[in-house]
Amino acid sequence: MKYQGSCHCGRVAFEVEGTIDSGLSCNCSMCGRKGSLLWFVPRDQMQLKTPEDAASTYLFNKHLIKHRFCPVCGIHPYGEGTDPKGNPIAAINLRCLEDVDHAAIPVHEYDGKSK
């Protein structure tokens, strides 16, 4: 299935294709504050609909994940990194996708605080 996503103001917009089978809730210092519900997909399954430089990037800790956010409205619609095998991935914030029933998605808790 193909989903449309964006930040609140629409300056950062994308589409992503795949099957949402679960979401991940992380308690690290960043995710805990953002309240993101993450869905990981291969990066090539996400296509930006706005210029890449429309989103700002925040790096912290080990600088392994590019936390992408809108500099206008402040929403974090996605992040970028690599999986354990070195493949590019996108961490989609499910709360930024249109027409998704979040209550129907199984959520896995991840203890990022102790990593």
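Residues numbered from 1 in each chain as written. Predicted model: local features only at pLDDT ≥ 70, side-chain atom pairs only at ≥ 80, totals over all residues. Heavy atoms only, no water.

### Details of the sheet that holds strand S2 (residues 13–17)
Inclusion rule: At least two DSSP bridges between two strands are needed for those strands to be called paired. Secondary structure elements are taken from DSSP: a helix is a run of H or I of four residues or more, a strand is a run of E of two residues or more, and numbering for both begins at the N terminus. Each axis is a line fitted through C-alpha atoms, and for a helix only the stretch in contact is used; angles between axes span 0 to 180 degrees, taken between their N-to-C directions.
The sheet built from 3 strands is open, its strands ordered S1-S2-S5 with antiparallel pairing. The sheet is open, and its two borders are formed by strand S1 (2–6) and strand S5 (46–48), each paired with just one other strand. This sheet shows a mean twist of 25° between the axes of neighbouring strands, independent of strand direction. In this structure, S2 lies alongside S5, joined through 3 bridges in antiparallel fashion. What sits directly across from Val16, in S5, is Met46.

### Things to note about the pattern of salt bridges
Note the threshold: Whenever Lys or Arg places a side-chain nitrogen within 4 Å of a carboxyl oxygen from Asp or Glu, that contact is recorded as a salt bridge. Only protein chains enter the accessibility calculation, which uses a 1.4 Å probe; a residue whose area is less than 20% of its type maximum is buried, one above 50% is exposed, and one in between is partly exposed.
Inspection of the entire model under this criterion finds 5 salt bridges. In this structure, Glu80 engages Arg43 in a salt bridge whose closest nitrogen and oxygen atoms are separated by 2.7 Å. Within this pair, whereas Glu80 is found in strand S8 (residues 78–82), its partner Arg43 is found in the loop between strand S4 (38–42) and S5, the two being separated by 37 residues in sequence. On the basis of relative accessible area, Arg43 is assigned to the buried category, the value being 19%. Here Arg68 and Glu52 are joined by a salt bridge, their closest N and O atoms 3.6 Å apart. Here Arg68, found in strand S7 (residues 66–69), pairs with Glu52, found in the loop between S5 and strand S6 (56–58); they are 16 residues apart in sequence, far enough to count as distant. Judged by its relative accessible area of 4%, Arg68 falls in the buried class. The class of Glu52 is partly exposed, set by a relative accessible area of 47%.

What is shown is where atoms sit, not what they do.
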